[in-house]
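As a plain string of letters, each chain reads:
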Amino acid sequence: MRIKIYKKEGISMANNTKGRRDFMGMALGGFTALGGIGALYAMKRTWDPLPSVKAAGFTTIDLKDAQENVLVVEKWRGKPIFILKQSADMLANVKEEDKKRLINIGDAHYIVCVGLCTHLGCIPGYDAAEKSFLCACHGGTYDSLASVTKAPPPRGLDIPPFKVDGTKLVLGETGPEYEKMLADGTTLKV
Amino acid sequence: MKELKIFGIVAVFTLILYWGVEPFAHSQMHKHVKGADLVYNGAADIAECEQSKKEMKKTFWADVEKIAALKGDAAAGEASYAMCAGCHMEGAANMGGVIPPSLEHAGAIYDKNFLIALIKDPAIATNVDHKYADTMTHPMGSIKTMVTEAQDIANVVAYLQAKKAGEVTPKEAYVEACSRCHANRYGKLTQLGEIPKTKSNIATGKDIDAMKYQEKVATEEASLANYLGKLPPDLSIMIRARSEHFLHTFIEDPQSQLTGTAMPRTGLNKEGMEKVFAYLEETGDPSKPLREETGPKVLIFFLIFTALAFLWKKSMWKGHH
Amino acid sequence: MAHFEKAKNLNEWMDQRLAVNTLKKVMNTEYWIPKNINFLWAMGMVLAATFGILLISGIFLLMYYQPNVNTAFDSVNYTIMSEVGYGWLWRHVHGVGASVVFLIIYIHMFTGIYYGSYKKGRELIWLSGMGLFVAFSAEAFSGYMLPWGQMSYWAGMVITNLFSGGGLHADFLVEWIRGDYVPGQAFLSRFFMLHVLLIPLAIIGLIVLHFGSLRIPHVNNQDGEEFDFAEAAELYKAGKVKESKVIPFSPVFLSKDVLVMGVYFIFFFYLVFYHFEFAMDPVNFDPANGLKTPAHIYPEWYFLWSYEILRPFSTNIGLIAFAIAQVIFLALPFLDRSPNVAPASRRGLFKYWFWAMLIDMMILTFMGKLPPAGIWSTIGLIAALTFMALWVALPIITSREKKL
């Protein structure tokens, strides 16, 4: 926002300052730099995502009409969200520890996760016959609980912050079930 | 010192230039309207109106004074209020061009004498009677025949001041006093209320609920524009589009600033005016607090900067003069 | 390939490749400025600083501004002013800066006229400076369109209508400039392009020319004295800084520049935070409405004097007078027939010409703001005629000036 004053260190411009350090110039330069930092802070804040962007980060999804083994895709914060209601045989074929990823509402079990591959962000496709996800970009695969079965993705699909509200899920708000998933490492923060 | 003299000349010419272009020119372009200090006694109305109406208005406002002197019974007023609630209710429909505003805090934000006058004759009270051959045709005109007795009017107003008062937020004041005609998009308000959150259809990318809401708003606006002659402006940034004095006097008596306007007087009292202004500042100048906080810091920075610059200049110029 | 020895330090490394030490001497430490100057000589740097501030605040506004007729107004007045972190600060700085820059331009210009800094070898400095005035005017006008308020729209309508040439009825030209029958999306987009890219590039080019044309004739001084810069420079370098008539740009002249800038920034930021309505006119806080002209319509203050020259006359004469007023200042070095390079106070009748011109332009400015009625339009007409008369008188006055 202002012309930076270059600090002169011991350079003799006029003969009257030959050999002497330009203390005042350095003091002025230093003080100006402080102002520059203030200006840089304002500039950084201008780059910040807008409050309306952050406030728009809530989506409500009604799960009651979901069908078993039929992938439903919604949108939250501009990202695709996978909702997959689990059938009995889908649940039979997965590891016990991965069942922590499930959201249980009444008798039904769901996987709700961000549909972006944890490798580099492409959207994996779901094969209902195979009951698995395949990411076309680099060949990563996930099982029906969206946990990783083949590299390169480093972990299962991330679970967004959610709150259970009857048969509805509010994405963007957090409830106790989500807090638990964060605490025991089932998912990373999205 | 010669430089000081030169600086003085430059400063004087700059100040004269500023004076001519700003304060002087604006004083010539905008007549100064005095305003009535939120006293609703019809003095301005009587002065402004045509000769044939002056007597009628004098009598009208004198009657208002008489009713104001009566002691109102709030309990009795509650029964009469039922006649108001028939139109002024939650979710009311458009009646004769506009949706009747909520009266939830009417006792707190409107002036007592104004409320009395409003029940006696809405068109005269709001100073738009020149638009009507018969003031009964005002959307609220029929109240004249429904609450007729002076004591009844005093009771209703007493009821409003007792039960329809209480703490009112700036937004509530705006919604009740202004928003039936004036949208405020920065505050996410339309004439129908707050803009609801809706979701797009994921397959088509289109938000049908939002479109339906917009259609309702557009229909309401068409009705308003028809009733008033033009659509009242959105007030999102009005606080910066007009001076505070203009807005104050305009809201108090629209005719004093824009003769012939369709805008009715709102009858806001001091509290109501303050709350409405606070909301207008919220939507139109929300950075004001931070601006007033940051200003002194920046100015102090440059005062110190200049002091240091002066010392640097002195050290660089030593021996040169 | 030239021969390169191993450098002993970073400074020598850079000097071998970019001649940084020579550059430093030529542009800073051995760029000689006369000592006989006052703070008005700092206005050029103040302008450069203000241009820099406009550029930087403009960059941050550009991140959020939307050049679409439906969203432009709210992108400025809602998104930038209330949502963006410190958005209001960039907007205020940019608006106030755009207005104050013209105050400094006029001070800088009239300083040049007063001290005769446009004569005898300095004509190109004057011409490139006037080119900068024209470029800044175009930049200011195009920028004013962008918020798409009532003043933006109607200023756009009126100023582009000038190009119909009055009696010539060149409506096709007006429509071509607008890209449409009225100022609309095409108009907004192209003026956005001009404001953000083309004119800033032109300004930067003209600044380079302006600085370049200053080098050989050297900066003027308070007495218009012609002296041997090389001799004065040697005296300075020998340590006789008091006797020498020159000072090096850096750090001596620069230190005074910086002091003047400090005072300027106090004034500037006071306006930014506390007193900005003159620069952000309330009328432009009404969204553009093609079906309603505001009751009081006027250009920004720095255009008022030339607006007032247009107004008192009938259409065609007004346009001719207006056109003359835009270019006549360019002719100053050539209309001034006197060889004297001296302050106006020592130039006989030119002294009165200078103050008459300054006061006349101020009167034109005041009248340009007022509604064109009654006594104001009479005064405006007299002032406009005086303006023309002064320019006719200039060659006559100066050709009779006694040689100093």
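1. Thoughts on the overall build of chain C
Logical step 1: When you go through chain C residue by residue, the secondary structure sums to 16 helices and two strands.
Logical step 2: In summary, chain C has a C-alpha radius of gyration of 24 Å against a globular reference of 22 Å for 404 residues, a match within 12%.
Logical step 3: The 404 residues of chain C split such that 41% are buried.
Logical step 4: Partitioning the intrachain contacts of chain C with sequence separation of at least 6 by distance along the chain shows that 76% fall at a separation of at least 24.

2. Let's talk about the confidence of the model for chain C
Logical step 1: Looking at chain C as a whole, the pLDDT averages 94, with 100% of positions reaching at least 70.
Logical step 2: Reported confidences for the modelled complex are a pTM of 0.90 and an ipTM of 0.91.

3. Observations regarding the interface of chain B and chain A
Logical step 1: The partner chain A presents 12 residues to the 12 residues of chain B that form the contact.
Logical step 2: Looking at side-chain class alone, the side of chain B that touches chain A contains eight nonpolar, two polar and two charged residues.

4. Let's talk about the pairing of strand S10 (residues 162–165) of chain A
Residues and elements named next belong to chain A.
Logical step 1: Bridging between S10 and strand S11 (residues 168–171) involves four bridges; their strand directions are antiparallel. Each bridged residue has a counterpart across the sheet, and for Lys163 the counterpart in S11 is Val170.
Logical step 2: Taking the residues that link successive antiparallel strands as the turn, the S10-S11 hairpin has two residues, and the phi of Gly166 there is positive, at about 70°.

5. A word on the pairing of strand S2 (residues 71–76) of chain A
All names here are of chain A.
Logical step 1: Sheet topology note: the S2/strand S3 (residues 79–85) ladder contains six bridges and is antiparallel. By the bridge assignment, Leu71 is partnered in S3 with Leu84.
Logical step 2: The loop that links S2 with its antiparallel partner S3 comprises two residues; one of these, Arg77, has a positive phi angle of about 55°.

6. So, the interface of chain B and chain C
Interface size is commonly expressed as the accessible area that is lost once the parts come together.
Logical step 1: Contact residues are listed per partner, giving 37 residues for chain B and 41 residues for chain C.
Logical step 2: Broken down by secondary-structure element, the contributors of at least two residues to the side of chain B that touches chain C are helix H1 (2–29), helix H12 (238–241) and helix H16 (288–317) of chain B.
Logical step 3: Taken together, the residues of the side of chain B that touches chain C sort by class into 22 nonpolar, eight polar and seven charged.

7. So, the sheet that holds strand S9 (residues 148–150) of chain A
Strand pairing within a sheet occurs via backbone hydrogen bonds; the two strands may be parallel or antiparallel.
Residues and elements named next belong to chain A.
Logical step 1: In space, the four strands of this open sheet follow the order S6-S7-S8-S9, with antiparallel pairing throughout. Taken across any chain shown, the strands that pair with only one partner, and hence form the sheet edges, are strand S6 (125–127) and S9.
Logical step 2: Both strand S7 (residues 132–134) and strand S8 (residues 141–142) contribute to a ladder of two bridges, which runs antiparallel. Pairing of Leu134 across the sheet is with Thr141, part of S8.

8. Looking at the packing of helix H1 (residues 23–47) of chain A against H16 of chain B
Logical step 1: Interaxial distance between H1 of chain A and H16 of chain B falls to 9 Å at its minimum, and their mutual angle equals 160°. The orientation of H1 of chain A with respect to H16 of chain B, classified from their angle, is roughly antiparallel. Here H1 of chain A and H16 of chain B pass one another in a crossing that is left-handed. Residues Met24, Gly25, Ala27, Leu28, Phe31, Thr32 and Gly35 of chain A of H1 of chain A form the contact with H16 of chain B, whose own contacting residues are Phe301, Ile304, Phe305, Leu308, Ala309, Leu311, Trp312 and Ser315 of chain B.
Logical step 2: Looking at side-chain class alone, the contact of H1 of chain A with H16 of chain B contains 11 nonpolar, four polar and no charged residues.

9. Focus: the confidence of the model for chain A
Residue and element names in this part refer to chain A.
Logical step 1: In the predicted model, chain A carries a mean pLDDT of 86, and the fraction of residues at 70 or more is 89%.
Logical step 2: Mean pLDDT values over the elements of chain A span from 83, in helix H2 (residues 51–55), up to 95, in H1.
Logical step 3: Per-residue pLDDT stays below 50 along residues 1–17; that stretch engages in 39 contacts with residues further than four places along the chain or on separate chains.

10. A few points about the nonpolar core
Logical step 1: Within the largest apolar cluster, 129 residues are counted, with the highest numbers of intra-cluster contacts made by Ile109, Leu115, Ile116, Ala117, Val157 and Val276 of chain B together with Val46 of chain C.
Logical step 2: Examining the composition of this core, we find that 12 residues originate from one element, helix H11 (residues 249–274) of chain C, more than from any other.
Logical step 3: Not counting the four nearest positions on each side in its chain, Val276 of chain B is found in contact with Ala173, Tyr174, Ala177, Cys178 and Leu268 of chain B.

11. Some remarks on the sheet that holds S10 of chain A
Residues and elements named next belong to chain A.
Logical step 1: Spatially, the three strands line up as an open sheet ordered S1-S11-S10, and their pairing is antiparallel. The sheet is open, and its two edges are formed by strand S1 (59–62) and S10, each paired on a single side. Along the sheet, successive strands turn relative to each other by an average axial angle of 25°, direction set aside.

12. Description of the domain arrangement of chain C
Residues and elements named next belong to chain C.
Logical step 1: Structurally, chain C comprises domain 1 (29–297) and domain 2 (299–404).
Logical step 2: For domain 1 versus domain 2, the separation of C-alpha centres amounts to 22 Å.
Logical step 3: Contacts between the two partners involve 25 residues from domain 1 and, on the opposite side, 20 residues from domain 2.
Logical step 4: Listed by contribution, the elements that provide at least two residues to the side of domain 1 that touches domain 2 are helix H5 (87–115) and helix H6 (123–145).
Logical step 5: Its residues placed into classes, the side of domain 1 that touches domain 2 shows 13 nonpolar, eight polar and four charged.

13. Things to note about the environment of Glu225 of chain C
Residues and elements named next belong to chain C.
Logical step 1: Summarising the element assignment, Glu225 is placed in the loop between helix H9 (185–215) and helix H10 (229–237).
Logical step 2: Under the C-beta neighbour-count criterion, Glu225 is labelled exposed, with 12 such atoms within 10 Å.
Logical step 3: Spatially, the C-alpha atoms of Glu225 and Gly348 are 17 Å apart, while their sequence positions differ by 123 residues.

What counts and how
- Within every chain, residues take consecutive numbers counted from 1 along the sequence as written.
- Each chain gets a letter, beginning with A, and each ligand a number, beginning with 1, in the order they are written.
- Note on the predicted model: pLDDT of at least 70 is required for a residue's local features to be given, and 80 or more for side-chain atom pairs to be given and counted; whole-chain, interface and lining totals, by contrast, use all residues.
- Only DSSP runs of H or I covering at least 4 residues are called helices, and only runs of E covering at least 2 are called strands; the numbering of each starts at the N terminus.
- Note that the radius of gyration is over C-alpha atoms, with the globule rule given as 2.2 Å times the number of residues to the power 0.38.
- Neighbour counting defines burial: a residue surrounded by 20 or more other C-beta atoms within 10 Å of its own C-beta is buried, one with 12 or fewer is exposed, and intermediate counts give partly exposed, using backbone-placed C-beta atoms.
- Contact definition: two residues whose C-beta atoms, as placed from backbone geometry, lie within 7 Å.
- As a per-residue measure, pLDDT reflects the predictor's confidence and takes values from 0 up to 100.
- Residues were grouped as follows: Ala, Val, Leu, Ile, Met, Phe, Trp, Tyr, Cys and Pro as nonpolar; Asp, Glu, Lys and Arg as charged; and all remaining residues, including Gly, as polar.
- Two strands make a pair as long as DSSP finds a minimum of two bridges between them.
- Every axis in this analysis is a line fitted to C-alpha atoms, fitted for helices over the stretch in contact. Angles between the N-to-C directions lie between 0 and 180 degrees.
- Each angle gets one of four labels, with under 35 degrees taken as roughly parallel, over 145 as roughly antiparallel, 65 to 115 as roughly perpendicular, and the rest as oblique.
- Take the far helix as your reference; a near helix turned counterclockwise from it by less than a right angle gives a left-handed crossing, and one turned clockwise gives a right-handed crossing.
- By definition, a nonpolar core groups buried Ala, Val, Leu, Ile, Met, Phe, Trp, Tyr and Cys residues that connect through C-beta atoms lying within 7 Å of each other.
- The domain boundaries here were taken from an automatic or database domain assignment.

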